[in-house]
Each structure stands twice: as structure tokens, then as C-alpha cells.
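# Analysis of the macromolecular model
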Amino acid sequence: QEFHGVSLLDIYTFKEDPPISHLPKDLFPEGVPIVANFENQFKKKGMFFQSLLVDTSLYIPSLYEKAKAKGVQFTQITFHKKEDLGQLEEKILFNCTGLGSRELFNDFNLIPVNGQLIELKLQDGLNYMLAGPKKDKIDLYLIPIHDKMILGGSYEFNVEEHQANLTICQEILKHAREFFSR
């Protein structure tokens, strides 16, 4: 494996609209219809497909080390206006300014999206992603990464807060419990 943190992942989706339905047809393989039998005797109709999972907590350090080994030099610079970019000698730049791009490039079409995720203890045998149906503002998914499971999630547009919203986290847990108990 050339880069750590990149793996093929089985994905089971139980959404009314498959998450890939709006994407170009050749980007993902066609899903296979399934009926999943849960331990609580419930059956749910869904779709199965595979896609790549990029665990950024493993991938980014791996990418960084490989780039350094090839002689790439990293420089961290603060820009105050886009004209500052013209003073650089480099021909290739990666924009890592995030929401700072709004001010730097006067791009006020870029809007923040705040979301809530819950980290759970990794469980043996959970080596697939599950995407459940959307309910209200909660888009249910469970994703295993190398040292934990991520249960999500929510999307709040035009919100820049960086604190956990416990009310939304409780809604995510409630929706997950309902999905797995019905």
C-alpha cells in the first residue's frame, strides 16, 4: 500500500435516495440491491457498493513524509491579500486557507458548514460503512476508521461555531437508536 490510510470500504446504504444518485454514473460502481438481516430480527432493504475510504489522520502524515522524502520543502506563510501571492517564486500553490479564502479572494460565495460528529469506541468486526435514512437535520452514517467509529451527522449552513452542540448530538444518537431498533 503506497499511502497509509487509503482502503477499499464496503458501504451499505438504507437511504431513500442513494447518496450517489446525484453523482456522475462512472464515478461509483452501480449499487447492488440487498436485504439486511439485523440481530433484532428486523430486515431493511438497501444497496451495497464499494468505495475508497481516506482516513486523513493516517493519510496526511503519510503524504507529508513521502513528499519530504522526495525533497519537497514546506513553507507556512500568512497572506493578507491575494496580491501577496504574486511575490512567491513557486509555480504550484495549494490553497489551505479554508474559510480564510472568503477574505483573501473576496469569495463570499464560500459559506461555512458546521457539523456534529460523535466518536465511538471501535468495535471488532465493524469494517464497513453504514448510511441510514435522513431524518430532519440528521444524516445518519457510521464510519470505521483506524482507531474509532464516527457516528454522524449534521450539517448547519452559515454556522462558524467550533463548539459541540449537545442537543444535535443527542438527536444523532436518538436517530441511530431508532434506526437500529426498528
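This text goes with the structure placed above it.
Before going into details, it helps to say that this report is about the structure given with it. Here the structure is a predicted model, which means the values were calculated and not measured.

To continue, consider the layout of surface pockets. Reported here for the largest pocket is a volume of approximately 960 Å³. Lining the largest pocket are 22 residues, with Phe74, Thr75, Leu93, Phe94 and Cys96 sitting closest to its centre. A total of four residues in the lining of the largest pocket trace back to one element, the largest contributor, which is helix α1 (residues 56-69). Across the lining of the largest pocket, the residue classes break down as 16 nonpolar, five polar and one charged. Its boundaries defined by the atoms lining it, the second largest pocket holds a volume of some 590 Å³. Broken down by secondary-structure element, the contributors of at least two residues to the lining of the second largest pocket are β2 (32-37), β6 (128-135), β8 (148-154) and α3 (166-181). No other element matches the four residues that α3 contributes to the lining of the second largest pocket. Of the residues assigned to the lining of the second largest pocket, the class counts are 14 nonpolar, four polar and three charged.

Conventions and cut-offs
Throughout this document, residue positions are counted from 1 along each chain, in the order its sequence is written. Whole-chain, interface and lining totals are the exception, using all residues; otherwise, since this is a predicted model, local features are given only for residues with pLDDT of at least 70 and side-chain atom pairs are given and counted only at 80 or more. Excluding hydrogens and water, the side-chain values take into account all heavy atoms of the structure. As defined here, a cavity is a set of points on a 1 Å grid over the protein atoms alone where a 1.4 Å probe fits but cannot get out. A pocket is an open set with protein on both sides within 12 Å along at least five of seven lines, and residues line them when an atom is within 4 Å of a point. Grid points are joined across faces, edges and corners, and a volume is the space filled by probe spheres set on the points. Segments assigned H or I by DSSP are reported as helices when at least four residues long, segments assigned E as strands when at least two residues long, and all are numbered from the N terminus. Lys, Arg, Asp and Glu make up the charged group, whereas Ala, Val, Leu, Ile, Met, Phe, Trp, Tyr, Cys and Pro make up the nonpolar group; the residues left over, Gly among them, are polar.

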